[in-house]
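An overview of the molecular structure
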Amino acid sequence: MKPKIYVTRHLPEVAFDKLAAHCEVEIWDEEFPPSYEVLTEKIRDKEGLLCLLTDRIDPQLMDAAPNLKVISQCAVGFDNIDIAAATERGLPVGNTPGVLTDATADFAWSLLMSAARRVGEGIEYVKTGQWHTWGLTLLLGAEVYGATLGIIGMGRIGQAVAQRASGFNMKVLYSDAFRQPEAEANLGVEYRNLDDLLAESDFVSLHVNLTEETRGLMNARTMALMKASAILINTSRGPVIDPDDLYDALSSGEIAYAALDVTDPEPIPADHKLLSLPNCIIVPHIASATISTRTKMAMMAVDNLLAGLEGKPLPNQVNPGV
Ligand code: GLV
């Protein structure tokens, strides 16, 4: 008999077909995620769960599924899953690192360039019929070439962002919980403590996991250290920036611009005060959203799930040894 599994959202066909060949799949095929209550009910008799970052996977949910053998998250970040609780219960948790590094780094650059050169405002300007003539001082932005880029979190994605900066002749600084001698040697990036990085950078790009240490990392104190001309880019997790403090920093001119792929809360309501600011670009958590990357992520999540069902170590396991 095939093992029963639950999938919390539509998957690319090739990934679904691979799952269906090995498992009895029940899928939540709606646009919005299943509620916590629905998910709790659905996984009662399941051996595997393939979930997304929109699903809260807490100890109660795990305990509702006595047959559960594996949790496979189709994302690299896993702050929605209580990993300690999974480990205590002997449940391996999988994620999808690596395959989304380049797409995410490319997108951090899309945001950086869009904010520097005020692309969103330019589009709005044309659409609203304000473009009447060429202007020497129209929509002046920030120079990217030769500027200083500060990367907070020099993991896979931070390094890929740094690599792209060489084409723009940028000085690249980084801060991280650990020094990265290899990245320093290979990419020419320079280590700074957080405060110095913030004070020296023209662009600050966030690439940390969301943890208790990084929640609210960008707040009134840290944003006050940034240059008034600085641009803040976030493709990590929304709560790494305090949204009220960001609003104050942007509206008072303490920093120049923010470009966010992730927000707190997520989704951000259309009437949120950050959306009223001309110097804040917000897009809906799409940094890894290319056809090829999302397909690879789904295939990786499927492979993690199938390994867990067979009792094998997952190809990408967040809590190795479980
Ligand atoms: C996306 O944010 C991911 O963690 O994969």
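Reading the values: the criteria
- Here, residues in each chain are numbered from 1, in the same order as that chain's written sequence.
- Totals for whole chains, interfaces and linings use every residue, but because this is a predicted model, local features are given only for residues with pLDDT of at least 70 and side-chain atom pairs only at 80 or more, for both listing and counting.
- Excluding hydrogens and water, the side-chain values take into account all heavy atoms of the structure.
- A cavity here means a set of points on a 1 Å grid, drawn over the protein atoms and nothing else, where a 1.4 Å probe fits but cannot get out; a pocket is an open set with protein on both sides within 12 Å along at least five of seven lines, and a residue lines either one if it has an atom within 4 Å of a point.
- Grid points are joined across faces, edges and corners, and a volume is the space filled by probe spheres set on the points.
- Counting from the N terminus, the helices are the DSSP runs of H or I reaching at least four residues and the strands are the DSSP runs of E reaching at least two.
- Under the convention adopted here, Pro, Cys and the residues Ala, Val, Leu, Ile, Met, Phe, Trp and Tyr are nonpolar, Asp, Glu, Lys and Arg are charged, and Gly plus all remaining residues are polar.
- Disulfides are defined as cysteine sulfur pairs within 2.5 Å.
- Any residue under 20% of the maximum accessible area for its type is buried, any over 50% is exposed, and the rest in between are partly exposed; the area is computed with a 1.4 Å probe on protein chains only.
- If a single non-hydrogen atom of a residue is within 4 Å of a molecule or strand, that residue counts as near it.
- Between N or O atoms, a polar contact is any pair within 3.5 Å; within protein, one atom must be a potential hydrogen donor and the other a potential acceptor, and residues adjacent in sequence are included only when both atoms are from side chains.
- Surface accessibility follows the Shrake-Rupley procedure with a 1.4 Å probe radius. Residue values consider only the protein chains on display as shielding.
- Only strands that DSSP links by at least two bridges are regarded as paired with each other.
- Should any heavy atoms of two residues lie within 4.5 Å, those residues are considered in contact.
- Interaxial angles span 0 to 180 degrees and are taken between N-to-C directions of axes, which are lines fitted to C-alpha atoms, for helices over the stretch in contact.
- Any two rings among Phe, Tyr and Trp, with Trp reduced to its six-membered ring, count as a pair given centres within 6.5 Å; such a pair is stacked if its planes are under 30 degrees apart, edge-to-face if over 60, and tilted if neither.
- Domain boundaries shown here were taken from an automatic or database domain assignment.
- Note on definitions: buried area is the accessible-area loss of two parts on being combined, 1.4 Å probe, summed for both.
- Each salt bridge in this description consists of a side-chain nitrogen of Lys or Arg and a carboxyl oxygen of Asp or Glu lying within 4 Å of one another.

What the second largest pocket holds in volume is close to 310 Å³. For the second largest pocket, the lining is made up of 16 residues, of which Gly 120, Glu 121, Glu 124, Pro 278 and Cys 280 are closest to its centre. Every element with two or more residues in the lining of the second largest pocket is listed here: helix H6 (119-127) and strand E12 (280-282). The element that contributes the greatest number of residues to the lining of the second largest pocket is H6, accounting for six residues. Along the lines of polarity and charge, the residues of the lining of the second largest pocket split into 11 nonpolar, three polar and two charged.

Let us look at the state of the cysteines. Tallying each qualifying case throughout the model produces zero disulfides. No disulfide involves Cys 74; its sulfur sits 9.1 Å from that of Cys 51, the nearest cysteine. With relative accessibility at 13%, the residue Cys 74 sits in the buried group.

Moving on to the site of the ligand. Taken together, Leu 53, Ala 75, Val 76, Gly 77, Leu 100, Arg 237, His 285 and Met 297 make up the full set of residues adjacent to the ligand. Separating an oxygen atom of the ligand from a backbone N or O atom of Val 76 is a distance of 2.8 Å. Here Gly 77 contributes a backbone N or O atom positioned 2.8 Å from an oxygen atom of the ligand. Within the complex, 89% of the 190 Å² of free accessible area of the ligand lies under protein.

Before going further, it helps to examine empty space enclosed by the protein. Applying the stated criterion across every chain, the model contains one cavity of 30 Å³ or more. By volume, the largest cavity is sized at about 60 Å³. Around the largest cavity, the lining residues are Asn 234, Gly 238, Ile 241, Asp 242, Pro 243, Leu 246, Leu 260, Val 262, Thr 263, Asp 264 and Leu 274. Per-class residue counts for the lining of the largest cavity are six nonpolar, three polar and two charged.

Let us look at the sheet that holds strand E2 (residues 24-27). Taken in spatial order, the five strands line up as E2-E1-E3-E4-E5 in an open sheet, and their pairing is parallel. Whereas interior strands pair on both sides, the edge strands pair on one side only; in this sheet they are E2 and strand E5 (93-94). Inspection of the sheet shows strand E1 (residues 4-7) paired to strand E3 (residues 48-51) by three bridges, in the parallel sense. What sits directly across from Ile 5, in E3, is Gly 48. Against the sheet, helix H1 (residues 13-22) engages E1, E2 and E3, with an angle of about 135° to E2. On top of the sheet, helix H12 (residues 291-309) reaches E1, E3, strand E4 (70-73) and E5; it is set at about 175° to E4, its chief contact.

What follows is about the side chain of Asn 234. You can see Asn 234 is positioned in strand E10 (residues 231-234). In terms of polar contacts, Asn 234 uses its side chain to reach the side chain of Ser 236, at 2.6 Å. Apart from the residues lying within four places of it in its own chain, the contact partners of Asn 234 are Leu 111, Leu 206, Ile 241, Ala 259, Leu 260, Asp 261 and Val 262.

Bringing helix H7 (residues 156-165) into the picture now. One full turn of an α-helix is made of 3.6 residues, so residues set three or four places apart face in the same direction. Buried residues of H7: Ile 157, Gly 158, Ala 160, Val 161, Ala 162 and Ala 165, and no others. For H7, the secondary structure elements touched by its buried residues are helix H5 (101-116), strand E6 (148-152), strand E7 (171-175) and helix H8 (181-187).

Another point: the packing of aromatic side chains. Inspection of every chain in the model, using the stated rule, returns two aromatic pairs. Measuring from ring centre to ring centre gives 4.8 Å for Trp 109 and Phe 168, while their planes differ by 15°; the resulting arrangement is stacked. With Trp 109 in helix H5 and Phe 168 in the loop between H7 and E7, the pair connects residues that are 59 residues apart, well separated along the chain. Classification of Trp 109 by relative accessible area gives buried; the value is 6%. Taken together, a centroid distance of 5.5 Å and an interplanar angle of 70° make the contact between Tyr 174 and Tyr 191 edge-to-face. Of this pair, Tyr 174 sits in strand E7 while Tyr 191 sits in strand E8 (residues 190-191); the two residues are 17 residues apart in sequence, bridging distant segments of the chain. Judged by its relative accessible area of 28%, Tyr 191 is partly exposed.

Here we take up the domain arrangement of the protein. When its domains are assigned, the protein resolves into domain 1 (4-99 + 291-309) and domain 2 (101-282). For domain 1 and domain 2, the distance between their C-alpha centroids amounts to 31 Å. Listed by partner, the interface residues are eight residues for domain 1 and five residues for domain 2. Across the interface of domain 1 and domain 2, roughly 590 Å² is buried in total on both sides, 48% from carbon and sulfur atoms. Considering only the surface of domain 1 that becomes buried against domain 2, Leu 53, Asp 79 and Gly 98 emerge as the three largest contributors, covering 56% of it. The interface formed by domain 1 and domain 2 holds one salt bridge in total. Here Arg 237 ties to Asp 79 by a salt bridge, and the two come within 2.9 Å at their closest N and O atoms. Our enumeration of links across domain 1 and domain 2 arrives at two residue pairs in polar contact (both at pLDDT 80 or more).

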